[in-house]
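Architecture at a glance
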Amino acid sequence: MNLLWLNISIGLLVTLVLIIRNYSRKISAYFFSLLWEAILIKLLLSFLIPVCKCFVEAVDTASENLNWGIFENLNLKYIYVWMGIGFVLILLFFLNYWLLLKQIRKFRKDSSRYAEFENKLSNTYKANIKICDWIQSGFFRTTILMPISTLTMTEKEQHYLIYHEKIHVKHRDSAWKMLAVLIAAIYWFNPFLWLLVKYFNQDLELRCDHKV
C-alpha cells in the first residue's frame, strides 16, 4: 500500500470511527481507545518497515522513485521534504517535552510549602504525588501532578481524582499520547491524524472516568 492509499484509507477509517463515536452511546470509550491504539500501531509499522528496509538494502540514489511500502512510486525529493518537515516537528515536540521536564524539576525545588500535604496524599494513596500550582491535573512518568485546588477538596474528591490519574499510569497513557503526537508529526500532511490525536486523548480521559 503506497502513501496515497494509506492516507485515504486512514482518513475514511477515522471518519467512520468518529461517526460511530458520535451517534452510538452504547459503545464505551475503552473500545474506541483500543481502536485508536490499533490504528497508531498500524501507522507506525507502515512507516518503520520501509525505513528499516532502506537501511538494510542500499538505496539507489540514481533512481528517482522507491518501491518499498508507503514509499512506492514516491519521488525521492518529496521523501526528503516529507522527512525534513516531520523531523522539525518531532524536534519541536521533544524541545517542548524537555522544557516541561525542566519546569517540573524547578517546581519540585520550590514546593516545600506543600510537602506535608504531599506526603499525606502519597502515603494514603501509595503514589508519588506532587501539588502543582500551574497545572489542572496530570501524570508524568511515575509522578502524579495535582492542582493546587486539591488542598480544598474533600478526601473523597481527592480519592477520585488520584484514582483517575493512577489509571492513566497503569495503562501507560503518557507513552500512548507521546506515540500519537509522533505519528501525527510523521504524517503531518494528513489532517485526519491530528483529529485522531484529539479524540484519542479524549477517549483516554473518558476511559479513566468510566473506570472511576
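Notes on the structure follow. This structure is a prediction, so every number in the text was calculated from the model and none was measured.

Estimated volume of the second largest pocket: approximately 220 Å³. Considering the residues around the second largest pocket, the lining is formed by L44, F47, L48, W82, M83, G86, F87, I90, L179, L182 and I186. Contributions of two or more residues to the lining of the second largest pocket are made by α2 (29-56), α3 (76-109) and α6 (173-186). The element best represented in the lining of the second largest pocket is α3, accounting for five residues. A breakdown of the residues in the lining of the second largest pocket according to their chemical character gives 10 nonpolar, one polar and no charged.

All right, on to the pattern of salt bridges then. For the structure on display, the rule yields four salt bridges. Measuring nitrogen to oxygen at the nearest pair gives 3.8 Å for the salt bridge that ties R207 to E37. Remark: E37 occurs in helix α2 and R207 occurs in helix α7 (residues 191-211); sequence separation between them is 170 residues. Grouping residues by exposure puts R207 and E37 together as buried. Connected through shared salt-bridge partners, E37, D173 and R207 make up one network.

Definitions and limits used
Residues numbered from 1 in each chain as written. Predicted model: local features only at pLDDT ≥ 70, side-chain atom pairs only at ≥ 80, totals over all residues. Heavy atoms only, no water. 1 Å grid on protein atoms, 1.4 Å probe; cavity = no way out; pocket = protein on both sides within 12 Å on 5 of 7 lines; lining within 4 Å. Points joined across faces, edges and corners; volume = space filled by probe spheres on them. Helix = DSSP H or I, 4+ residues; strand = E, 2+ residues; numbered from the N terminus. Nonpolar A, V, L, I, M, F, W, Y, C, P; charged D, E, K, R; others polar. Salt bridge = Lys/Arg side-chain N within 4 Å of Asp/Glu carboxyl O. Buried < 20%, exposed > 50% of the residue type's maximum accessible area, 1.4 Å probe, protein only.

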